[in-house]
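Reading the structure
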Amino acid sequence: MIRFVVRRLAGLVLVLFAVSLAVFALFNVIPGGDPALRLAGRHPTQQNIAQIRHDWGFDRPLPVQYLDMMDHLVIRRDIISYQDQTPVMPTIETGVPRTLSLAVGAAILWLVFGVTIGVLSGLNAGRWLDRVLTVVALTGISIPIFWLGMVLLYLFTYRYRDVGVFSWIPIGGYASWSDPIEWAKHLIVPWCVLAVVSIGFYARVVRASLLDARGADHVRTARAMGLSRSRVLFRHALRTSLIPVVTLFGLDFGATVGGTVILIEKVFGIGGVGQYAQESVAHLDLPPLMAITLYGAAIVVVANAAVDIAYAWLDPRIRVA
């Protein structure tokens, strides 16, 4: 286990290094990526631009600029935005709880409902319930989440605002954890919107895996030993059929925290890291994008490490060296 942790930590460092190099190199080759031009204003002179490049260090070699940026980002933690000259890390630290609140709540919903629908569909394969659940799952997969978010926000907070069943839904925004009820009220609709696509996808994966697992040798052996149907299902068939789900969950959760939330946070005005990333991309602001990208990459690597650990628990045939 110690070797496993060391390998994962080494992998985390290498991934973050590669991602940081890629982001830094990309912003130095794309058109309009020169921060000196944006800092100089609308009608700058060449002298103004040259002075800004010298003051900010943009005239130094790229490797030196990269090392200086990583020093301010990782060691000193005082990196500032090129766009408005504000500290980057305090903004990210404020947004992380909001983004994680959105991602974790949505992940719980899509995992619970996706697995439940998949199991019900697999146990009733070919019957009317399976067909209905299949239609529901495919409908969820097909809906663009940003469109669904805007539609639900319009319906619940404007069109049917006076209807009692919808009157409690806030008009976007975010509430602190100090008031759990208000916190959940502000996030319930974003949770559902973010989870709807994954619920359908996970349901299809669980259904297919469960049907395969029910015909496996170890499941047939469990039935032959006289074990109850529920024990065979939950102890043997479902346990091994969840391995693909664990793989997907690790990847999807990392991708959600690192990217998908961008589509939702802006719609509902949550003000998390995703919304900050969207604003930084719009202004081609490298320092916050570098910090946000490394944050997202770290989440992905940690999520995949957790997936590897879960493998050994779900399937005794898998061992982590």
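Described below are features of the structure shown in this document. All residue numbers refer to positions counted from 1 along the written sequence of the respective chain. Totals for whole chains, interfaces and linings use every residue, but because this is a predicted model, local features are given only for residues with pLDDT of at least 70 and side-chain atom pairs only at 80 or more, for both listing and counting. Computation of side-chain values: all heavy atoms of the structure, hydrogens and water removed.

Let us look at the pattern of salt bridges. The term salt bridge refers to a pairing of a side-chain nitrogen on Lys or Arg with a carboxyl oxygen on Asp or Glu at a separation within 4 Å. With the rule as written, the count across this model stands at six salt bridges. A salt bridge links E182 to K185; its shortest N-O distance comes to 3.6 Å. One end of the pair is E182 and the other is K185, both in helix α8 (residues 180-214) and three residues apart, which spans about a single turn. Residue exposure (1.4 Å probe, protein chains only): buried if accessible area is under 20% of the type maximum, exposed if over 50%, otherwise partly exposed. E182 sits in the partly exposed class, given a relative accessible area of 28%. Residue classification places K185 among the partly exposed residues on the basis of a relative accessible area of 27%. Measuring nitrogen to oxygen at the nearest pair gives 4.0 Å for the salt bridge that ties E279 to K266. Placement of E279 in helix α12 (residues 273-282) and of K266 in helix α11 (residues 243-268) is noted, with a sequence separation of 13 residues between them. Its relative accessible area of 33% is what places E279 among the partly exposed residues. For K266, a relative accessible area of 43% puts it in the partly exposed group. Helix and strand definitions follow DSSP, with helices as H or I runs of at least four residues and strands as E runs of at least two, each counted in order from the N terminus.

What follows concerns the layout of surface pockets. Definitions used for this entry: grid spacing 1 Å over protein atoms alone; cavity, a set of points where a 1.4 Å probe fits but cannot get out; pocket, an open set with protein on both sides within 12 Å along at least 5 of 7 lines; lining residue, one with an atom within 4 Å of a point. Grid points are joined across faces, edges and corners, and a volume is the space filled by probe spheres set on the points. Approximately 190 Å³ is the volume found for the second largest pocket. Elements with a contribution of two residues or more to the lining of the second largest pocket: α4 (62-75), α5 (88-123) and α13 (286-314). Examining the composition of the lining of the second largest pocket, we find that four residues originate from one element, α5, more than from any other. Broken down by class, the residue content of the lining of the second largest pocket amounts to eight nonpolar, no polar and two charged. Under the scheme applied, nonpolar residues are Ala, Val, Leu, Ile, Met, Phe, Trp, Tyr, Cys and Pro; charged residues are Asp, Glu, Lys and Arg; polar residues are all the others, including Gly.

The next subject is the nonpolar core. Counting 63 residues, the largest nonpolar core has L73, V193, L286 and M290 as its most contacted members. The element that contributes the greatest number of residues to this core is α8, accounting for 13 residues. Contacts between residues were defined by any pair of non-hydrogen atoms, one from each residue, lying within 4.5 Å. The contacts of L286, once residues within four sequence positions are left out, are V23, F24, F27, M69 and Y82. What makes a nonpolar core is a set of buried Ala, Val, Leu, Ile, Met, Phe, Trp, Tyr and Cys residues whose side-chain atoms join them at distances within 4.5 Å.

Let us now look at the packing of aromatic side chains. Each Phe, Tyr or Trp ring, with Trp reduced to its six-membered ring, pairs with another whose centre is within 6.5 Å; inter-plane angles below 30 degrees give stacked pairs, above 60 give edge-to-face pairs, and intermediate values give tilted ones. Applying the stated criterion to the full structure yields seven aromatic pairs. Summarising the aromatic geometry, the rings of W177 and W183 are spaced 6.4 Å apart at their centres and angled 90 degrees between planes, so their arrangement reads as edge-to-face. Take W183: its relative accessible area is 21%, and that puts it in the partly exposed class. Taken together, the ring pairs in this structure connect W110, Y202, F249 and F253 into an aromatic cluster.

Let us look at empty space enclosed by the protein. Take a probe with the size of a water molecule and roll it over the atoms, and the empty space left behind shows itself. A full pass over the atoms with the stated rule returns one cavity of 30 Å³ or more. Reported here for the largest cavity is a volume of approximately 70 Å³. If you trace the largest cavity, you find it lined by L152, L153, F156, T157, I169, P170, G172, K185, H186, V189, P190 and F268. Among the elements of the structure, α7 (145-159) and α8 are those that each provide at least two residues to the lining of the largest cavity. Here the lining of the largest cavity is built from residues that sort into eight nonpolar, three polar and one charged.

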